[in-house]
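Read off the chains here:
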Amino acid sequence: MQLIYGVGIKDIKVPHRDAAYSRWSAMLRRCYCPHLWEGVKHQTYEGCTVHEDWKYLSNFREWAHSEPGFRHPHSCLDKDILVFGNKMYSPDAATFVPREINIALTFSNAKRGEYPLGVCLSKIRSTGPVYRMALNRGNLGRLLKDFRDVDEAAEYYRVEKVKHLSYLADKYRDWLRQDVYETLKDFDLKVQ
């Protein structure tokens, strides 16, 4: 048996470039490789752990092959769609989702600054500040709109983000487990 990132146990032989092994080792790296957390992009992984059962490749691999989204080439292992803010990769909380959904659920808290999610100061005019709401909608393009009131901009962002996540849930319906689909359809973004 081979130890991966000091905690993962490669207890089975797998083919070269095995998709389950690649995803398992990437998950372990995100959780147990501290130098990865130094960049702003990966700070969200600090404090993340892996369920004891998933420290064994055989257990993770068996679970992964039972997940509907696993076989899709651009799927991502997500740990916190079902349990918002979750810090443990586990069979109960994790799922495979299309990359487009995974990106849409990235909130960039570390880079956001002092304004609410999806809002920045665009310019200051003689009549007062102008706040820009920006929402990246993948292939649908970026939605930009200016507001005089920061709270109006934040609320517009919230409504549009929820609509976009509902659209993505419908678009990828066949990929998703029922509980993940329902979570995306009922998603309520708390703008801070």
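Bear in mind that the values here come from a model prediction, so they are computed numbers and not experimental data.

Things to note about the packing of aromatic side chains
Thought 1: Throughout the structure, instances matching the rule amount to nine aromatic pairs.
Thought 2: Seen in terms of ring centroids, W54 and W63 are 4.5 Å apart; in terms of plane orientation they differ by 50°. Their pairing is tilted. In terms of burial, W54 and W63 fall into one category: buried.
Thought 3: Counting every residue linked through ring pairs, the aromatic cluster contains W54, F60, W63, F70 and F96.
Thought 4: The lysine or arginine in question, K10, covers the ring of Y21, its NZ or CZ lying 4.8 Å from the ring centre.
Thought 5: Sitting above the plane of the Y181 ring, R173 keeps its charged end 4.0 Å from the centroid.

Looking at the sheet that holds strand β8 (residues 128–136)
Thought 1: The strand order β7-β8-β9 describes an open sheet built from three strands, whose pairing is antiparallel. The sheet is open, and its two borders are formed by β7 (119–125) and β9 (142–147), each paired with just one other strand. In this sheet, adjacent strand axes meet at a mean angle of 25° when their direction is disregarded.
Thought 2: With six bridges connecting them, β8 and β9 associate as antiparallel partners.

Some words on the pattern of salt bridges
Thought 1: Within the structure shown, the criterion is met by eleven salt bridges.
Thought 2: Where R177 meets E67, a salt bridge forms, and the shortest distance between an N and an O atom there is 3.0 Å. In this pair, R177 sits in the loop between α5 (150–171) and α6 (178–185) while E67 sits in the loop between α2 (57–66) and β4 (75–78), placing the two residues 110 residues apart along the sequence.
Thought 3: You can call E67 buried: its relative accessible area is 6%.
Thought 4: Where K79 meets D80, a salt bridge forms, and the shortest distance between an N and an O atom there is 3.4 Å.
Thought 5: What makes K79 buried here is its relative accessible area of 7%.
Thought 6: Among the ionic contacts, a cluster of salt bridges with common partners joins E67, R177 and D179.

A few points about α5
Thought 1: In this model α5 runs 31 Å from its N-terminal to its C-terminal C-alpha over 22 residues, within 8% of the 32 Å that 1.5 Å per residue would give.
Thought 2: One side-chain oxygen at the N-terminal end of α5 lies 3.0 Å from the backbone nitrogen of D151; it belongs to D149.

A closer look at the side chain of N86
Thought 1: Note on placement: N86 falls in the loop between β4 and β5 (88–89).
Thought 2: N86 sits in the buried class, given a relative accessible area of 15%.
Thought 3: There is a polar contact of 2.6 Å between the side chain of N86 and the backbone oxygen of M88.
Thought 4: In contact with N86, other than residues within four places in its own chain, are K79, D80 and A93.

Reading guide: rules and limits
Numbers given for residues are sequential positions, taken from 1 along each chain in its written order. At least 70 in pLDDT is required for a residue's local features to be given in this predicted model, at least 80 for side-chain atom pairs to be given and counted, and no such filter applies to totals for whole chains, interfaces and linings, which use all residues. To obtain the side-chain values, all non-hydrogen atoms of the structure were included, while hydrogens and water were left out. Note on aromatic contacts: the rings of Phe and Tyr and the six-membered ring of Trp form a pair at centre separations within 6.5 Å, being stacked when their planes are under 30 degrees apart, edge-to-face when over 60 apart, and tilted otherwise. Using a 1.4 Å probe on the protein chains alone, a residue whose accessible area is under 20% of its type maximum counts as buried, one over 50% counts as exposed, and one in between counts as partly exposed. In our convention, an over-ring charge means Lys NZ or Arg CZ found within 6 Å of a ring centre and within 35 degrees of that ring's normal. In this analysis, strands are considered paired if DSSP registers two or more bridges between them. Each helix is a run of H or I in the DSSP string that is no shorter than four residues. Each strand is a run of E no shorter than two, and both are numbered from the N terminus. An axis is simply a line fitted to the C-alpha atoms; with a helix, the fit covers only the stretch in contact. Between two such axes, the angle follows the N-to-C directions and lies from 0 to 180 degrees. By salt bridge we mean one thing: a side-chain nitrogen of Lys or Arg within 4 Å of a carboxyl oxygen of Asp or Glu. The span one expects for a helix is its residue count, reduced by one, times 1.5 Å. We call two N or O atoms a polar contact when they sit within 3.5 Å, provided that within protein one can donate a hydrogen and the other can accept it, with sequence-adjacent residues counted only if both atoms are side-chain atoms. In what follows, residue pairs with any heavy atoms lying within 4.5 Å of each other are defined as contacts.

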